[in-house]
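# Residue-level structure breakdown
Here is how the chains run, residue by residue.
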Amino acid sequence: MELEYKYTNRAVAFLDVLGFQNKLEEFEREAIEYYNTSNAEETAGEFEEDNSELNSPIYYSQKASDFINTFNSAISKLDSDKFSYYLFSDNICITAKSTGDNGENSLVELLLIISELYFEFIQQGYFLRGGIDFGLFIDKSSIALGVPLATAYKMESTQAVFPRIVLSKNFIKQLEDYSVDNVNGYSSILTSSLIKVSCDIQYLNVFNHIFKVDDKEYFFERYSFNINQNLLSSAQKENIFLKYKWLATEFNSFIETYTSSLAFYDENFEATDEYLQIVKQLKVEYGQ
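What counts, and at which threshold
Residues numbered from 1 in each chain as written. Predicted model: local features only at pLDDT ≥ 70, side-chain atom pairs only at ≥ 80, totals over all residues. Heavy atoms only, no water. Phe/Tyr/Trp six-rings, centres within 6.5 Å; stacked < 30°, edge-to-face > 60°. Helix = DSSP H or I, 4+ residues; strand = E, 2+ residues; numbered from the N terminus. Buried < 20%, exposed > 50% of the residue type's maximum accessible area, 1.4 Å probe, protein only. Lys NZ or Arg CZ within 6 Å of the ring centre and 35° of its normal. Contact = heavy atoms within 4.5 Å. Expected span 1.5 Å × (residues − 1). 1 Å grid on protein atoms, 1.4 Å probe; cavity = no way out; pocket = protein on both sides within 12 Å on 5 of 7 lines; lining within 4 Å. Points joined across faces, edges and corners; volume = space filled by probe spheres on them. Nonpolar A, V, L, I, M, F, W, Y, C, P; charged D, E, K, R; others polar. Salt bridge = Lys/Arg side-chain N within 4 Å of Asp/Glu carboxyl O. Polar contact = N/O pair within 3.5 Å; in protein donor to acceptor, adjacent residues only side chain to side chain. Pairing = 2+ DSSP bridges. Core = buried A, V, L, I, M, F, W, Y, C linked by side-chain atoms within 4.5 Å.

Inspection of every chain in the model, using the stated rule, returns 32 aromatic pairs. Each ring, one from phenylalanine 254 and one from tyrosine 258, has its centre 5.8 Å from the other, and the planes form 25°; the classification is stacked. A residue pair is termed a helical-turn pair when its members lie 3 or 4 positions apart in one helix, as phenylalanine 254 and tyrosine 258 do in helix H8 (residues 238-260) at four residues. Grouping residues by exposure puts phenylalanine 254 and tyrosine 258 together as buried. In this structure, arginine 164 packs its charged tip against the face of tyrosine 203, placed 5.3 Å from the ring centre.

As structure tokens, this is what we get:
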């Protein structure tokens, strides 16, 4: 008997886009408006060719396309031999193999990719939260099945709370062997600053992506601007406001750590006094 669907050890990340229900409705309104506009133009005889299906009015949302392209832009950099991914509505699932001696490297790479994805979505005005677990999982083609996905989903819905990516104890355990003792200098700083702790919850430090971007001022500007925008727009909705206030506090704290120490460990960038002052000025006032 052929054993087609076999379990393997995988890290499984389940991510959710905050406030996406409103975005879905916005996408739909834009698609309907596009359809109505196209239909009016066709009725007015602005289409030169005959009324073929090709030229018939369609439902199209540019914002929905931008959302999908943002996802594809970051995900396209994944090594298909080590990672799988799924996008369904506002939910994103990414799995990573843990294979032998290089397994921990794949898990660190997963954290780096999610940090990049977080920043890609930030630039479009979206914020992510989620959970990552590790364990036995069936991951084949369009099939994703196993306890780690259920656990990651539960973590996203009950522990993430704020716009953060929570890491399970099982996942953290897999990273223990890939300690800073195995790497030196810049790589050590990069790896050791990936994870933050709050009481009994460990979560991804998404701001660590600064070490991977070329335009570092733009990185801080985008975060500052979009956090501020969401704080302002949610000023009359306390439960939402507090989520972004938490993120603002995290952002300001990272700026303090970055400008006082982390920036000087970046072997690919010289942190001038002028640059550091610019970064400090990008703190979010609501987060203080």
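Examined against the element boundaries, glutamate 116 turns out to sit in helix H3 (residues 103-122). For glutamate 116, a relative accessible area of 13% corresponds to the buried category. Other than its neighbours up to four places away in sequence, glutamate 116 contacts Lys77 and His209.

A few words on helix H4 (residues 147-160). Structural remark: α-helix, 3.6 residues per turn; residues separated by three or four positions point the same way. Over its 14 residues, H4 runs 18 Å from end to end, which matches the ideal 20 Å to within 8%, given 1.5 Å per residue. Taken together, the buried positions of H4 are occupied by Pro148, Leu149, Ala152, Met155, Glu156 and Ala160. Those residues of H4 hidden inside the fold are in contact with strand S1 (8-17), strand S3 (91-97), strand S4 (128-140), strand S5 (143-145) and strand S6 (165-167). Directly beyond the C-terminal end of H4, a positive phi value near 55° is found at valine 161.

Moving on to the layout of surface pockets. When its volume is computed, the largest pocket comes out at roughly 480 Å³. Along the wall of the largest pocket there are 18 residues; nearest its centre are Gly19, Asn22, Asn230, Ile240 and Tyr244. Those elements that place two or more of their residues in the lining of the largest pocket are helix H1 (20-43), helix H7 (216-233) and H8. Tallied by class, the residues present in the lining of the largest pocket amount to five nonpolar, seven polar and six charged.

Moving on: the pattern of salt bridges. For the structure on display, the rule yields seven salt bridges. The shortest N-O distance in the salt bridge between lysine 196 and glutamate 250 comes to 3.1 Å. Here lysine 196, found in strand S7 (residues 195-198), pairs with glutamate 250, found in helix H8; they are 54 residues apart in sequence, far enough to count as distant.

Within the secondary structure layout, asparagine 91 lies in strand S3. One polar contact links asparagine 91 to aspartate 16, side chain to side chain, over a distance of 3.1 Å. Dropping the residues within four chain positions of it, asparagine 91 is found in contact with Phe14, Leu15, Asp16 and Tyr86.

Along any regular strand the residues' side chains alternate between the sheet's two faces. For S1, the tally of buried residues reaches eight of ten residues, placing the bulk of the element in the interior. In this structure, S1 lies alongside S4, joined through ten bridges in antiparallel fashion. Following the sheet pairing, phenylalanine 14 is matched in S4 by glycine 131. Two elements, S1 and S3, share seven bridges in a ladder whose sense is antiparallel. Residue pairing in the sheet places valine 12 in a bridge with threonine 95 of S3.

So, about the nonpolar core. Counting residues in each nonpolar core, the largest one holds 72 residues, and the members touching the most others are Ile94, Phe171, Phe220, Tyr223 and Tyr258. Sorting elements by how many residues they give to this core places H3 first, with eleven residues. Leave out the neighbours within four places in its chain, and phenylalanine 171 touches Ala11, Leu107, Leu110, Leu111, Ile132, Asp133 and Phe134.

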